Amino acid sequence: MTKKKFLAALLALTMGASLAACGDTNNGGDNAGDTTTAKADDAAPAATDDGGNAGGDAAGKTVGIAMPTKSLERWNRDGEYLKAQFEQAGYNVELKYSDNDTNQQNNDIQGMIADKVDLLLIAAIDGSTLSQTLDDAKSANIPVLAYDRLIMNTDAVSYYVSFDNYTVGKLQGEFVRDQLKLDSEAGPFNIEFTAGDPADNNAGYFFNGAFDTLKPYIDEGKLNIPSGKKTFEQVATAGWSTDTALENMQNTLASYYSDGTKLDVALCSNDSTALGVAQAITSDYKGDAPIVTGQDGDIANLKNIVDGIQTMTVYKNVNDEAAVTLEVSKAILSGQTPDEALVSTLSVEAIYDTESYNNGTKVVPSYLLVPYVITKDNLDVLVNTGLYKWDADNKYLESTATTT
Ligand code: BGC
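Read on for an overview of the structure. (Residues numbered from 1 in each chain as written. Predicted model: local features only at pLDDT ≥ 70, side-chain atom pairs only at ≥ 80, totals over all residues. Heavy atoms only, no water.)

## Observations regarding helix α4 (residues 131-139)
The condition that has to hold: Exposure is judged per residue with a 1.4 Å probe applied to protein chains only, and the accessible area is read against the type maximum: over 50% gives exposed, under 20% gives buried, and values in between give partly exposed. Each helix is a run of H or I in the DSSP string that is no shorter than four residues. Each strand is a run of E no shorter than two, and both are numbered from the N terminus. The arc refers to the directions leading from the helix axis to the C-beta atoms. Every residue pair with non-hydrogen atoms within 4.5 Å of one another is taken to be in contact.
What α4 keeps buried is the set Thr-133, Leu-134 and Ala-137. Viewed end-on, α4 has its buried residues packed into an arc of 95°, placing them on one side of the element. Exposed residues pointing more than 90 degrees away from the buried face of α4 are listed as Gln-132 and Ser-139. Packing partners of the buried residues in α4 comprise α3 (102-114), β4 (119-122) and β5 (144-147). One or two steps after α4, the chain reaches Asn-141, where phi turns positive at roughly 60°.

## Considerations on empty space enclosed by the protein
Using the following cut-off: Lining residues are defined by having an atom within 4 Å of a point belonging to a cavity or pocket. Those points lie on a 1 Å grid over the protein atoms alone, cavities being sets where a 1.4 Å probe fits but cannot get out and pockets being open sets with protein on both sides within 12 Å along at least five of seven lines. Grid points are joined across faces, edges and corners, and a volume is the space filled by probe spheres set on the points. Ten residue types, Ala, Val, Leu, Ile, Met, Phe, Trp, Tyr, Cys and Pro, are classed as nonpolar, four, Asp, Glu, Lys and Arg, as charged, and the remainder, Gly among them, as polar.
Counted according to the given criterion, the structure contains five cavities of 30 Å³ or more. In this structure, the largest cavity spans a volume of roughly 150 Å³. Lining the largest cavity we find 16 residues, and of these Arg-74, Trp-75, Arg-149, Asn-270 and Asp-296 sit closest to its centre. Every element with two or more residues in the lining of the largest cavity is listed here: α2 (73-88) and α6 (201-219). For the lining of the largest cavity, the leading source of residues is α2, giving three residues. In the lining of the largest cavity, the residues fall into four nonpolar, four polar and eight charged.

## Description of unusual backbone geometry
Here the residue pair Gly-187 and Pro-188 is connected by a cis peptide bond, since its omega of -5° sits within 30 degrees of zero. Residue placement: Pro-188 occurs in the loop between α5 (165-180) and β7 (189-194). Of note in the backbone geometry, Lys-116 takes a positive phi value of approximately 60° without being a glycine. As for its placement among the helices and strands, Lys-116 is situated in the loop between α3 and β4. Not every positive phi belongs to a glycine, and Asn-141 is a case in point at roughly 60°.

Here's what the structure looks like:
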(Lines give C-alpha, C1' and ligand atoms only; values in the text may rest on other atoms or scores of the structure.)
Protein backbone atom coordinates (compact mmCIF):
# COMPACT_ATOMS: atom_id res chain seq x y z
CA MET A 1 0.00 0.00 0.00
CA THR A 2 1.37 3.41 -0.89
CA LYS A 3 1.92 5.93 1.86
CA LYS A 4 -0.90 8.05 0.40
CA LYS A 5 -3.42 5.24 0.34
CA PHE A 6 -2.38 4.09 3.79
CA LEU A 7 -2.96 7.58 5.15
CA ALA A 8 -6.36 7.82 3.50
CA ALA A 9 -7.40 4.43 4.85
CA LEU A 10 -6.12 5.18 8.30
CA LEU A 11 -7.87 8.52 8.37
CA ALA A 12 -11.14 6.97 7.31
CA LEU A 13 -10.81 4.48 10.14
CA THR A 14 -9.65 6.79 12.88
CA MET A 15 -11.61 9.95 12.29
CA GLY A 16 -14.97 8.33 12.82
CA ALA A 17 -17.58 10.50 14.40
CA SER A 18 -15.25 13.46 14.73
CA LEU A 19 -16.25 14.50 11.24
CA ALA A 20 -19.95 14.08 11.85
CA ALA A 21 -20.56 17.77 11.24
CA CYS A 22 -18.58 17.79 8.03
CA GLY A 23 -21.44 17.58 5.57
CA ASP A 24 -23.52 20.09 7.45
CA THR A 25 -22.94 23.50 5.97
CA ASN A 26 -25.25 25.14 8.46
CA ASN A 27 -24.11 23.77 11.73
CA GLY A 28 -24.36 27.01 13.60
CA GLY A 29 -21.62 29.10 15.12
CA ASP A 30 -18.02 28.11 15.18
CA ASN A 31 -17.34 28.70 18.80
CA ALA A 32 -18.83 26.06 20.97
CA GLY A 33 -16.76 22.96 21.39
CA ASP A 34 -14.64 23.36 18.31
CA THR A 35 -11.38 24.21 19.96
CA THR A 36 -9.48 21.01 20.17
CA THR A 37 -6.22 20.40 21.89
CA ALA A 38 -5.06 16.84 21.71
CA LYS A 39 -1.99 15.46 23.39
CA ALA A 40 0.51 13.39 21.50
CA ASP A 41 -0.17 10.53 23.92
CA ASP A 42 -3.70 10.29 22.54
CA ALA A 43 -2.53 10.14 18.96
CA ALA A 44 -3.21 7.17 16.74
CA PRO A 45 -0.19 5.13 15.62
CA ALA A 46 2.06 7.05 13.29
CA ALA A 47 0.96 6.86 9.68
CA THR A 48 4.19 7.63 7.93
CA ASP A 49 6.65 5.02 6.75
CA ASP A 50 9.30 6.49 8.98
CA GLY A 51 7.37 6.10 12.21
CA GLY A 52 5.69 9.44 11.72
CA ASN A 53 8.45 11.49 13.20
CA ALA A 54 11.40 11.53 10.87
CA GLY A 55 13.12 14.86 10.92
CA GLY A 56 10.19 16.42 12.68
CA ASP A 57 11.22 15.73 16.27
CA ALA A 58 7.56 15.95 17.19
CA ALA A 59 7.83 15.01 20.85
CA GLY A 60 6.12 17.66 22.94
CA LYS A 61 5.65 20.05 20.02
CA THR A 62 2.31 21.73 19.43
CA VAL A 63 0.95 23.00 16.15
CA GLY A 64 -1.70 25.73 16.22
CA ILE A 65 -4.20 25.47 13.38
CA ALA A 66 -6.48 28.45 12.62
CA MET A 67 -9.35 27.66 10.25
CA PRO A 68 -11.80 30.30 8.99
CA THR A 69 -15.22 28.82 9.63
CA LYS A 70 -17.25 25.69 9.96
CA SER A 71 -20.03 27.16 7.85
CA LEU A 72 -18.23 26.42 4.56
CA GLU A 73 -17.97 22.69 4.14
CA ARG A 74 -14.39 22.26 3.08
CA TRP A 75 -12.77 23.80 6.18
CA ASN A 76 -14.33 21.10 8.33
CA ARG A 77 -12.42 18.59 6.27
CA ASP A 78 -9.21 20.59 6.29
CA GLY A 79 -9.27 20.99 10.05
CA GLU A 80 -9.95 17.35 10.71
CA TYR A 81 -7.47 16.00 8.15
CA LEU A 82 -4.75 18.29 9.43
CA LYS A 83 -5.47 17.39 13.03
CA ALA A 84 -5.50 13.67 12.30
CA GLN A 85 -2.28 13.73 10.30
CA PHE A 86 -0.34 15.91 12.73
CA GLU A 87 -1.45 13.81 15.68
CA GLN A 88 -0.52 10.63 13.87
CA ALA A 89 2.92 12.12 13.35
CA GLY A 90 3.18 12.70 17.10
CA TYR A 91 2.38 16.40 17.40
CA ASN A 92 -0.06 18.04 19.76
CA VAL A 93 -2.69 20.04 17.90
CA GLU A 94 -4.60 23.16 18.88
CA LEU A 95 -7.38 23.66 16.30
CA LYS A 96 -9.64 26.70 16.20
CA TYR A 97 -12.41 27.91 13.91
CA SER A 98 -13.16 31.64 13.97
CA ASP A 99 -16.70 31.93 12.61
CA ASN A 100 -15.58 33.97 9.56
CA ASP A 101 -14.88 36.83 11.98
CA THR A 102 -11.50 38.51 11.49
CA ASN A 103 -11.35 39.87 15.05
CA GLN A 104 -12.02 36.47 16.42
CA GLN A 105 -9.34 34.91 14.23
CA ASN A 106 -6.83 37.47 15.47
CA ASN A 107 -7.83 36.66 19.05
CA ASP A 108 -7.67 32.93 18.42
CA ILE A 109 -4.18 33.20 16.98
CA GLN A 110 -3.10 35.46 19.84
CA GLY A 111 -4.32 32.72 22.18
CA MET A 112 -2.15 30.18 20.39
CA ILE A 113 0.85 32.49 20.59
CA ALA A 114 0.20 32.85 24.34
CA ASP A 115 0.02 29.05 24.52
CA LYS A 116 3.49 28.98 22.96
CA VAL A 117 2.63 26.76 20.04
CA ASP A 118 5.68 25.75 17.99
CA LEU A 119 4.17 26.47 14.58
CA LEU A 120 1.09 28.27 13.26
CA LEU A 121 -0.92 27.03 10.28
CA ILE A 122 -3.38 29.68 9.22
CA ALA A 123 -6.17 29.68 6.64
CA ALA A 124 -6.94 33.40 6.83
CA ILE A 125 -10.46 34.79 6.82
CA ASP A 126 -9.17 38.10 5.52
CA GLY A 127 -5.63 37.78 4.25
CA SER A 128 -4.87 41.42 5.00
CA THR A 129 -5.91 41.71 8.65
CA LEU A 130 -3.35 39.54 10.42
CA SER A 131 -0.17 41.65 10.12
CA GLN A 132 -0.03 42.83 13.73
CA THR A 133 -0.82 39.41 15.15
CA LEU A 134 1.81 37.81 12.96
CA ASP A 135 4.36 40.38 14.10
CA ASP A 136 3.70 39.02 17.57
CA ALA A 137 4.19 35.47 16.31
CA LYS A 138 7.48 36.52 14.77
CA SER A 139 8.62 38.16 18.01
CA ALA A 140 7.80 34.91 19.78
CA ASN A 141 9.84 33.01 17.13
CA ILE A 142 6.82 31.03 15.97
CA PRO A 143 7.03 30.15 12.30
CA VAL A 144 3.87 30.75 10.27
CA LEU A 145 2.62 28.76 7.32
CA ALA A 146 -0.22 30.17 5.20
CA TYR A 147 -2.63 27.33 4.54
CA ASP A 148 -4.63 27.44 1.29
CA ARG A 149 -5.08 31.24 1.41
CA LEU A 150 -2.13 33.59 1.24
CA ILE A 151 -1.62 35.96 4.18
CA MET A 152 -0.90 39.45 2.90
CA ASN A 153 1.37 42.32 3.92
CA THR A 154 3.66 40.60 6.36
CA ASP A 155 7.14 39.12 6.28
CA ALA A 156 6.19 36.81 9.15
CA VAL A 157 4.80 34.12 6.88
CA SER A 158 7.44 31.60 5.84
CA TYR A 159 5.64 29.31 3.41
CA TYR A 160 2.38 28.92 1.57
CA VAL A 161 0.74 25.54 0.88
CA SER A 162 -2.19 25.59 -1.51
CA PHE A 163 -3.37 24.46 -4.91
CA ASP A 164 -2.53 26.16 -8.15
CA ASN A 165 -5.32 28.69 -7.72
CA TYR A 166 -5.13 30.25 -11.19
CA THR A 167 -5.39 26.78 -12.70
CA VAL A 168 -8.62 26.17 -10.76
CA GLY A 169 -10.26 29.03 -12.69
CA LYS A 170 -8.54 28.02 -15.90
CA LEU A 171 -10.00 24.53 -15.65
CA GLN A 172 -13.46 26.06 -15.24
CA GLY A 173 -12.95 28.30 -18.28
CA GLU A 174 -11.57 25.45 -20.39
CA PHE A 175 -14.49 23.27 -19.39
CA VAL A 176 -16.92 25.92 -20.64
CA ARG A 177 -14.90 26.41 -23.84
CA ASP A 178 -14.98 22.68 -24.56
CA GLN A 179 -18.63 22.13 -23.63
CA LEU A 180 -19.80 24.98 -25.84
CA LYS A 181 -17.21 24.10 -28.53
CA LEU A 182 -16.30 27.75 -28.65
CA ASP A 183 -13.54 27.17 -31.17
CA SER A 184 -15.93 25.77 -33.77
CA GLU A 185 -19.49 26.84 -32.91
CA ALA A 186 -20.72 30.25 -33.99
CA GLY A 187 -22.70 31.09 -30.86
CA PRO A 188 -23.30 33.58 -29.50
CA PHE A 189 -23.73 32.18 -26.00
CA ASN A 190 -24.61 33.95 -22.78
CA ILE A 191 -22.58 33.68 -19.58
CA GLU A 192 -22.73 35.16 -16.08
CA PHE A 193 -19.90 35.09 -13.54
CA THR A 194 -20.04 34.62 -9.77
CA ALA A 195 -16.74 35.04 -7.94
CA GLY A 196 -15.62 34.67 -4.32
CA ASP A 197 -14.81 36.74 -1.29
CA PRO A 198 -12.68 39.83 -2.03
CA ALA A 199 -10.98 39.36 1.36
CA ASP A 200 -9.67 35.97 0.20
CA ASN A 201 -6.58 36.34 -1.96
CA ASN A 202 -7.49 33.12 -3.79
CA ALA A 203 -10.73 34.56 -5.13
CA GLY A 204 -9.04 36.85 -7.66
CA TYR A 205 -6.85 34.01 -8.94
CA PHE A 206 -9.89 31.79 -9.51
CA PHE A 207 -11.79 34.53 -11.32
CA ASN A 208 -8.83 35.60 -13.44
CA GLY A 209 -8.01 32.01 -14.42
CA ALA A 210 -11.54 31.55 -15.74
CA PHE A 211 -11.98 35.01 -17.22
CA ASP A 212 -8.60 35.07 -19.00
CA THR A 213 -9.41 31.72 -20.60
CA LEU A 214 -12.78 32.93 -21.89
CA LYS A 215 -11.79 36.51 -22.70
CA PRO A 216 -10.88 35.86 -26.37
CA TYR A 217 -14.41 34.52 -26.97
CA ILE A 218 -15.95 37.42 -25.04
CA ASP A 219 -13.89 39.86 -27.09
CA GLU A 220 -14.97 38.34 -30.39
CA GLY A 221 -18.63 38.42 -29.33
CA LYS A 222 -19.08 34.65 -29.21
CA LEU A 223 -19.71 34.84 -25.47
CA ASN A 224 -21.94 37.63 -24.21
CA ILE A 225 -22.49 38.78 -20.65
CA PRO A 226 -26.03 40.20 -20.66
CA SER A 227 -25.65 41.72 -17.19
CA GLY A 228 -22.45 43.46 -18.29
CA LYS A 229 -20.81 42.38 -15.01
CA LYS A 230 -17.32 41.38 -16.03
CA THR A 231 -14.95 42.63 -13.37
CA PHE A 232 -14.08 40.70 -10.24
CA GLU A 233 -15.45 43.51 -8.06
CA GLN A 234 -18.81 43.37 -9.84
CA VAL A 235 -19.26 39.65 -9.32
CA ALA A 236 -17.50 39.05 -5.97
CA THR A 237 -19.46 37.34 -3.18
CA ALA A 238 -18.63 38.42 0.38
CA GLY A 239 -17.84 35.49 2.65
CA TRP A 240 -18.37 33.07 -0.25
CA SER A 241 -21.96 33.10 0.97
CA THR A 242 -24.48 30.76 -0.66
CA ASP A 243 -27.33 33.10 0.27
CA THR A 244 -25.64 36.14 -1.26
CA ALA A 245 -24.85 34.22 -4.44
CA LEU A 246 -28.48 33.12 -4.60
CA GLU A 247 -29.75 36.65 -4.17
CA ASN A 248 -27.32 38.11 -6.71
CA MET A 249 -28.28 35.50 -9.29
CA GLN A 250 -31.98 36.08 -8.68
CA ASN A 251 -31.43 39.78 -9.32
CA THR A 252 -29.46 39.08 -12.48
CA LEU A 253 -32.13 36.71 -13.78
CA ALA A 254 -34.92 39.17 -13.01
CA SER A 255 -33.11 42.08 -14.66
CA TYR A 256 -31.60 40.45 -17.74
CA TYR A 257 -33.29 37.11 -18.41
CA SER A 258 -36.98 37.57 -17.65
CA ASP A 259 -37.66 38.31 -21.34
CA GLY A 260 -36.63 34.77 -22.30
CA THR A 261 -32.95 35.52 -22.90
CA LYS A 262 -31.08 32.22 -22.77
CA LEU A 263 -28.49 31.62 -20.07
CA ASP A 264 -25.87 29.16 -21.30
CA VAL A 265 -23.32 29.32 -18.50
CA ALA A 266 -23.21 30.33 -14.85
CA LEU A 267 -19.51 30.33 -14.10
CA CYS A 268 -19.18 30.07 -10.33
CA SER A 269 -15.79 30.09 -8.63
CA ASN A 270 -16.67 27.50 -6.00
CA ASP A 271 -19.31 25.15 -4.70
CA SER A 272 -20.77 27.32 -1.94
CA THR A 273 -21.59 30.03 -4.49
CA ALA A 274 -22.65 27.47 -7.12
CA LEU A 275 -25.14 26.10 -4.62
CA GLY A 276 -26.90 29.47 -4.37
CA VAL A 277 -26.67 30.18 -8.09
CA ALA A 278 -28.10 26.76 -8.96
CA GLN A 279 -30.93 27.35 -6.52
CA ALA A 280 -31.75 30.68 -8.19
CA ILE A 281 -31.68 29.06 -11.62
CA THR A 282 -33.92 26.20 -10.50
CA SER A 283 -36.51 28.56 -9.07
CA ASP A 284 -36.29 31.63 -11.30
CA TYR A 285 -35.12 30.49 -14.74
CA LYS A 286 -37.39 28.66 -17.13
CA GLY A 287 -34.97 27.67 -19.90
CA ASP A 288 -32.79 24.57 -20.25
CA ALA A 289 -30.29 23.98 -17.46
CA PRO A 290 -27.14 26.02 -18.15
CA ILE A 291 -23.58 24.86 -17.49
CA VAL A 292 -22.81 25.58 -13.84
CA THR A 293 -19.22 25.33 -12.61
CA GLY A 294 -17.90 24.96 -9.08
CA GLN A 295 -14.95 23.97 -6.94
CA ASP A 296 -14.36 21.75 -3.89
CA GLY A 297 -16.50 18.64 -4.23
CA ASP A 298 -18.93 19.59 -1.48
CA ILE A 299 -21.49 16.87 -0.85
CA ALA A 300 -24.54 19.00 -1.76
CA ASN A 301 -22.88 20.03 -5.02
CA LEU A 302 -21.96 16.47 -5.93
CA LYS A 303 -25.64 15.67 -5.50
CA ASN A 304 -26.49 18.56 -7.84
CA ILE A 305 -23.99 17.20 -10.35
CA VAL A 306 -25.73 13.81 -10.30
CA ASP A 307 -29.07 15.60 -10.68
CA GLY A 308 -27.87 17.75 -13.60
CA ILE A 309 -28.24 21.03 -11.68
CA GLN A 310 -24.47 21.64 -11.54
CA THR A 311 -22.18 20.49 -14.33
CA MET A 312 -18.70 20.23 -12.85
CA THR A 313 -16.57 20.94 -9.83
CA VAL A 314 -12.84 21.49 -9.66
CA TYR A 315 -11.66 19.07 -7.04
CA LYS A 316 -8.83 19.81 -4.64
CA ASN A 317 -7.92 16.88 -2.42
CA VAL A 318 -7.54 18.58 0.94
CA ASN A 319 -6.31 15.39 2.58
CA ASP A 320 -3.32 15.65 0.24
CA GLU A 321 -3.02 19.35 1.04
CA ALA A 322 -2.81 18.40 4.70
CA ALA A 323 -0.16 15.78 3.91
CA VAL A 324 2.04 18.31 2.10
CA THR A 325 1.52 20.78 4.94
CA LEU A 326 2.68 18.17 7.41
CA GLU A 327 5.88 17.51 5.48
CA VAL A 328 6.69 21.22 5.13
CA SER A 329 5.95 21.73 8.83
CA LYS A 330 8.13 18.81 9.89
CA ALA A 331 11.02 20.25 7.96
CA ILE A 332 10.54 23.71 9.48
CA LEU A 333 10.21 22.30 12.99
CA SER A 334 13.42 20.35 12.65
CA GLY A 335 15.31 23.47 11.67
CA GLN A 336 15.52 22.84 7.95
CA THR A 337 14.66 25.32 5.22
CA PRO A 338 12.27 23.49 2.90
CA ASP A 339 12.84 24.13 -0.79
CA GLU A 340 12.44 22.51 -4.18
CA ALA A 341 14.06 19.30 -2.96
CA LEU A 342 11.13 18.58 -0.67
CA VAL A 343 8.86 18.09 -3.69
CA SER A 344 10.51 14.81 -4.67
CA THR A 345 9.94 13.41 -1.18
CA LEU A 346 6.20 14.07 -1.26
CA SER A 347 3.67 11.30 -1.79
CA VAL A 348 1.50 13.61 -3.92
CA GLU A 349 2.14 15.78 -6.96
CA ALA A 350 3.02 19.37 -6.16
CA ILE A 351 5.18 22.15 -7.53
CA TYR A 352 7.48 24.50 -5.66
CA ASP A 353 6.88 28.08 -6.78
CA THR A 354 9.03 30.99 -5.68
CA GLU A 355 7.57 33.60 -8.03
CA SER A 356 3.80 33.73 -8.12
CA TYR A 357 2.67 34.59 -4.60
CA ASN A 358 3.77 38.07 -3.66
CA ASN A 359 1.95 39.07 -0.49
CA GLY A 360 2.81 42.75 -0.80
CA THR A 361 5.84 42.43 1.44
CA LYS A 362 7.63 39.43 0.00
CA VAL A 363 7.25 36.58 -2.43
CA VAL A 364 6.19 33.66 -0.29
CA PRO A 365 7.69 30.31 -1.33
CA SER A 366 4.78 28.07 -2.21
CA TYR A 367 3.99 24.40 -2.52
CA LEU A 368 1.08 24.08 -4.93
CA LEU A 369 -0.92 20.93 -5.46
CA VAL A 370 -2.77 20.00 -8.61
CA PRO A 371 -6.56 20.41 -9.00
CA TYR A 372 -8.68 18.41 -11.43
CA VAL A 373 -12.14 18.38 -12.99
CA ILE A 374 -14.98 16.20 -11.72
CA THR A 375 -18.22 15.72 -13.66
CA LYS A 376 -21.00 13.17 -13.32
CA ASP A 377 -18.97 10.89 -15.59
CA ASN A 378 -15.95 10.50 -13.33
CA LEU A 379 -17.33 10.61 -9.79
CA ASP A 380 -15.56 7.33 -9.11
CA VAL A 381 -12.32 9.28 -9.12
CA LEU A 382 -13.52 10.78 -5.84
CA VAL A 383 -14.44 7.37 -4.48
CA ASN A 384 -10.92 6.23 -5.29
CA THR A 385 -9.48 8.91 -2.99
CA GLY A 386 -10.98 7.00 -0.07
CA LEU A 387 -12.68 10.19 1.11
CA TYR A 388 -16.06 9.59 -0.57
CA LYS A 389 -18.29 6.59 -1.11
CA TRP A 390 -21.54 5.82 -2.92
CA ASP A 391 -24.66 5.88 -0.78
CA ALA A 392 -26.80 2.81 -0.21
CA ASP A 393 -28.70 3.42 -3.48
CA ASN A 394 -25.48 3.91 -5.45
CA LYS A 395 -26.85 7.27 -6.54
CA TYR A 396 -25.14 10.04 -4.61
CA LEU A 397 -21.76 10.38 -2.95
CA GLU A 398 -21.27 10.78 0.75
CA SER A 399 -18.18 11.41 2.79
CA THR A 400 -16.55 8.30 4.21
CA ALA A 401 -15.64 10.29 7.26
CA THR A 402 -19.21 11.26 8.14
CA THR A 403 -20.48 7.75 8.03
CA THR A 404 -17.76 5.62 9.57
C1 BGC B 1 -10.68 27.96 -1.05
C2 BGC B 1 -11.79 27.30 -1.80
C3 BGC B 1 -13.09 27.53 -1.08
C4 BGC B 1 -13.30 28.98 -0.68
C5 BGC B 1 -14.49 29.14 0.24
C6 BGC B 1 -11.00 29.42 -0.82
O7 BGC B 1 -9.96 30.07 -0.19
O8 BGC B 1 -9.44 27.83 -1.76
O9 BGC B 1 -11.51 25.92 -1.91
O10 BGC B 1 -14.15 27.15 -1.90
O11 BGC B 1 -12.17 29.47 -0.02
O12 BGC B 1 -14.41 28.32 1.35
